[in-house]
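Spelled out from the first residue to the last, the chains are:
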Amino acid sequence: MLTKAHTLEALVHGRKPGHSLDAPFYTSPEVFEADMEAIFYRHWIYVGIEPDVPEPGDVATVNIGKASVLIIRDDDNQVRAFHNVCRHRGARLIDEEKATVGNLVCRYHSWTYGLDGRLMHAPHMGADFDASCKGLKPVHLRSLEGLLFICLADNPPEDFDDVAARMAPYIAPHKVRETKIAYQSDLIEKGNWKLTIENNRECYHCEANHPELTVPLFAYGFGFAPEEMDPLDLENAQRYDALRKTSHAEWESMGLPSREIEELDSRVTGFRTERLPLDGDGESHTMDTRAACRIPLGAFTNAKLGGLSFWTQPNSWHHFLGDHIVTFSALPLDEGHTLVRTKWLVNKDAVEGVDYDIANLIEVWTATNQQDAALVEMCQRGAENPAYEPGPYSPNTEMLVEKFQRWYIGRMAAYLGS
Ligand code: 3BY
Ligand code: FES
Ligand code: FE
């Protein structure tokens, strides 16, 4: 519960820079409601990919707080988004996460909508009834080279076009639209959504917690300070830095933009990207660091393309490899629970069991997600403890966590001031 001393305004304006947040940001139902209003109902939220709805009539539902949205591919192959609310008496139209329909028929009184949202049939409504103004309410939708973002606000942040223009050259070569979902996992983390994102924005915890992920990832990219490294680690870190520079130059000469763009806290639609070399044989996020799928993505011929990472505020991260893509969305359920939805994408022509093996494809991130879920739960339990107080972030390895918090606090302040 928020108290007089802990009003939302006091919490937002009293945030101690460089530190984790005050406990109510993680534990209070009122702050959670404010997060939904200020962040998730007003910003561009990553919800999935075009291959979620590969054929006309395919529907994917995504729930964001109390809102439920239908992502539909219409007969003209256009992907559209509508509120999952019947215009008669408001029934939720589709409950399933995936469905295939001819039209959208509400099972309450059979109002029937086309794939374009138009109300086509509403029995017994009388001669004066005008169906043309009772179509499904559209939701703003953008596809960034096949990555789908929706915004529930009437007037979405206008900077998305700029993000899309800057990111498209990085993502386009991986051809998201020409992939299929090889596997999806829905994991409910027992923690506040901000703990999920904080944990995602640092690899300080990776060495101690992610034995699988640290196989393909280059440990010297974790941002440790030179003065804290022993001579061997320092030498490796310098080799990594040199490899990063030569890899960037090589990939960019192949038409693959690779250099970092970091705009996490300097804009409304905050984002960051960079293509980084991998360890070992350096092809993919697998236990032997080799490609998991024999058919590469897009027109790639070189397997050693590193990993292109893309992070967005408030709720997504993605890793684009040469042979597959792993894409994650965090969707808040309540103040103490967050759905982490992970999709592994491969070339749509790849055949399971022939070109790729699911267990091999998903091993690294399945283990990593479970480990991260346990870490997030630990922090939620900690934030609920009366002894909790905000703790300091490492200036070397947790700068991006701080950038997330600065973005979040800035967006909350903007909401409160509006
Ligand atoms: O996936 C990520 O972006 C971060 C960085 C490495 C570990 N982690 C979950
Ligand atoms: Fe949908 Fe009545 S509520 S048809
Ligand atoms: Fe992790």
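This text goes with the structure placed above it.
For every chain, the first residue of its written sequence is number 1, and the numbers climb from 1 along that sequence. Written order decides the labels, with chains lettered from A and ligands numbered from 1. Local features in this predicted model are restricted to residues whose pLDDT is 70 or higher, and side-chain atom pairs enter the listing and the counts only when it is 80 or higher, whereas totals over whole chains, interfaces and linings include all residues. Derived side-chain values reflect all non-hydrogen atoms in the structure, with water molecules and hydrogen atoms excluded from consideration.

**Considering the overall build of the protein chain**
- Check the secondary structure of the protein chain and you find 9 helices and 17 strands.
- Each radius of gyration reported is based on C-alpha atoms, and the globular scaling rule is 2.2 Å times the count of residues to the power 0.38. Since a compact globule built from 418 residues should have a radius of gyration of about 22 Å, the 22 Å found for the protein chain is in line with a globular shape.
- Considered along the principal axes of its C-alpha atoms, the protein chain spans approximately 85 × 60 × 35 Å.
- Residues counted as buried form 52% of the 418 residues belonging to the protein chain.
- Here, residues are in contact when the closest pair of their heavy atoms is within 4.5 Å. Put simply, of all contacts in the protein chain between residues at least 6 apart along the chain, 67% involve residues at least 24 apart.
- Here the protein chain displays about 18,400 Å² of accessible surface, and carbon together with sulfur accounts for 51% of that area.
- In this tally, Asp and Glu contribute negative charge and Lys and Arg positive charge; neither His nor the terminal groups of the chain are included. For charged residues, the charge sits on one atom: NZ in Lys, CZ in Arg, CG in Asp, CD in Glu. Within the protein chain, the 63 negative side-chain charges are centred at a point lying 5 Å from the centre of the 40 positive side-chain charges. Put simply, DSSP marks the helices as runs of H or I at least four residues long and the strands as runs of E at least two long, and each gets a number from the N terminus on. A simple rule labels every residue: compare its accessible area, found with a 1.4 Å probe on the protein chains alone, to the largest value its type can have, and call it buried under 20%, exposed over 50%, or partly exposed in between. To be clear on the numbers: accessible area is Shrake-Rupley with a 1.4 Å probe, and residue cover counts the displayed protein chains and nothing else.

**Side note on helix 3 (residues 29–40)**
- If you check which residues of helix 3 are buried, you get Val31, Phe32, Ala34, Asp35, Met36, Ala38, Ile39 and Phe40.
- Polar contacts here mean pairs of N or O atoms no more than 3.5 Å apart (in protein, one a potential hydrogen donor and the other a potential acceptor; neighbouring residues in sequence count only if both atoms are side-chain atoms). Where helix 3 starts, the residue carrying a side-chain oxygen 3.1 Å from the main-chain nitrogen of Glu30 turns out to be Ser28.

**Quick notes on the sheet that holds strand 8 (residues 119–121)**
- Two strands are counted as paired when DSSP detects at least two bridges linking them. Taken in spatial order, the 3 strands line up as 6-7-8 in an open sheet, and their pairing is antiparallel. Only two strands of the sheet have a single partner each, and these edge strands are strand 6 (104–105) and strand 8.
- Note: strand 7 (residues 112–113) against strand 8, 2 bridges, orientation antiparallel. Considered in strand 8, the bridge of Tyr113 is made with Leu119.

**Considering the coordination of the iron ion (ligand 3)**
- At this site the iron ion (ligand 3) is bound by His205 (NE2), His210 (NE2), Asp372 (OD) and Asp372 (OD), with donor distances of 2.0 to 2.6 Å.
- One chain supplies every donor to the iron ion (ligand 3), and in sequence these donors are spaced H-x4-H-x161-D.
- Judged by relative accessible area, His205 falls into the buried class, the value being 11%.
- A residue is classified by how much of its surface remains accessible, and His210, at 1% relative accessible area, is buried. Donor selection uses N, O and S atoms within 2.8 Å of the metal (3.2 Å for Na, K and Ca). Since no water is included, sites may look incomplete.

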